[in-house]
Amino acid sequence: MVPASVMERLKTEGRAITIYPVGLLADLSRFVHEADRVAARRHLRASLHREWERIKARKWREAKNYLNGYLAEHDTLGTRCGTGWTRGRALRDLARHLIELESLKEIERVFSELRASGP
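Each chain carries its own residue numbering, running from 1 in the written order of its sequence. The model is predicted, so local features are restricted to residues of pLDDT at least 70 and side-chain atom pairs to those at 80 or more, both for listing and for counting; the totals for chains, interfaces and linings are taken over all residues. Hydrogens and water are ignored here; the side-chain numbers use all heavy atoms of the structure.

Caption draft 1: Focus on the overall build of the protein. Secondary structure elements are taken from DSSP: a helix is a run of H or I of four residues or more, a strand is a run of E of two residues or more, and numbering for both begins at the N terminus. Along the backbone of the protein there are 5 helices and 3 strands. Sequence-ordered secondary structure for the protein, helices as α and strands as β, is α-β-α-α-α-β-β-α. Of all 119 residues assigned to the protein, the portion counted as buried reaches 26%. For this analysis, residues touch if any pair of their heavy atoms sits within 4.5 Å. Across the protein, contacts joining residues at least 24 apart in sequence account for 46% of those joining residues at least 6 apart. Counting only carbon and sulfur atoms, one obtains 58% of the accessible surface of the protein, whose full area is about 8,600 Å². A 1.4 Å probe rolled over the protein chains alone gives each residue an accessible area, and that area as a share of the maximum for its type sets the label: buried under 20%, exposed over 50%, partly exposed in between. Only the protein chains shown count as covering a residue, and every accessible area follows the Shrake-Rupley method with a 1.4 Å probe.

Caption draft 2: Up close: helix 5 (residues 87-117). For a helix, the expected span equals 1.5 Å multiplied by the residue count minus one. For helix 5, which comprises 31 residues, the first-to-last C-alpha distance of 46 Å matches the rise-based estimate of 45 Å (1.5 Å per residue) to within 8%. Of all the positions in helix 5, only A90, L91, D93, L94, A95, H97 and L98 are classed as buried.

Caption draft 3: How the structure looks around a nonpolar patch on the surface. Together, L104, I107, V110, F111 and L114 make up a nonpolar patch on the protein surface, roughly 460 Å² of accessible area in all. Looking at where V110 falls in the secondary structure, it is placed in helix 5. For V110, a relative accessible area of 35% corresponds to the partly exposed category. Exposure above 30% relative accessible area and the absence of a salt bridge qualify a residue for a patch, where like charges join within 9 Å and nonpolar side chains (Val, Leu, Ile, Met, Phe, Trp, Tyr) within 5 Å. Here a salt bridge means any side-chain nitrogen of Lys or Arg lying within 4 Å of a carboxyl oxygen belonging to Asp or Glu.

Caption draft 4: Examining the pattern of salt bridges more closely. By the definition in use, this model includes 6 salt bridges. Note that R30 is salt-bridged to E34, the shortest N-O span being 2.9 Å. In this structure, E100 engages R96 in a salt bridge whose closest nitrogen and oxygen atoms are separated by 3.1 Å. Of the two residues, E100 and R96 are both situated in helix 5; the distance of 4 residues between them amounts to about one turn of the helix. R96 sits in the partly exposed class, given a relative accessible area of 36%.

Caption draft 5: The environment of I55, seen in detail. Along the chain, I55 turns up in helix 3 (residues 37-56). Relative accessible area serves as the criterion here: at 34%, I55 is assigned to the partly exposed category.

Here is the structure:
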């Protein structure tokens, strides 16, 4: 569960967040919306064939990344992006990563203060 304060902050910073389809979802979107059906079908078939080859070669991480759906990236905060099969899920996943980043920064600050005070 993502705290409401973080989600509200992300909504106010919405201009800095980019959400876009990747992998299979991007390929399907291209197939549905592109006017040149032959090129779109060729691209989709090539992508699916490439993924099948990755699965046969047991390249699981690459195969998993093809199924990400949407990616949500923030321009300035953090380096991780959120993923999900819907835009909202990708945004919530991004918020979770940002919360983890803030928690780690707070923990590092406390430890540095403890080290500075000494035994």
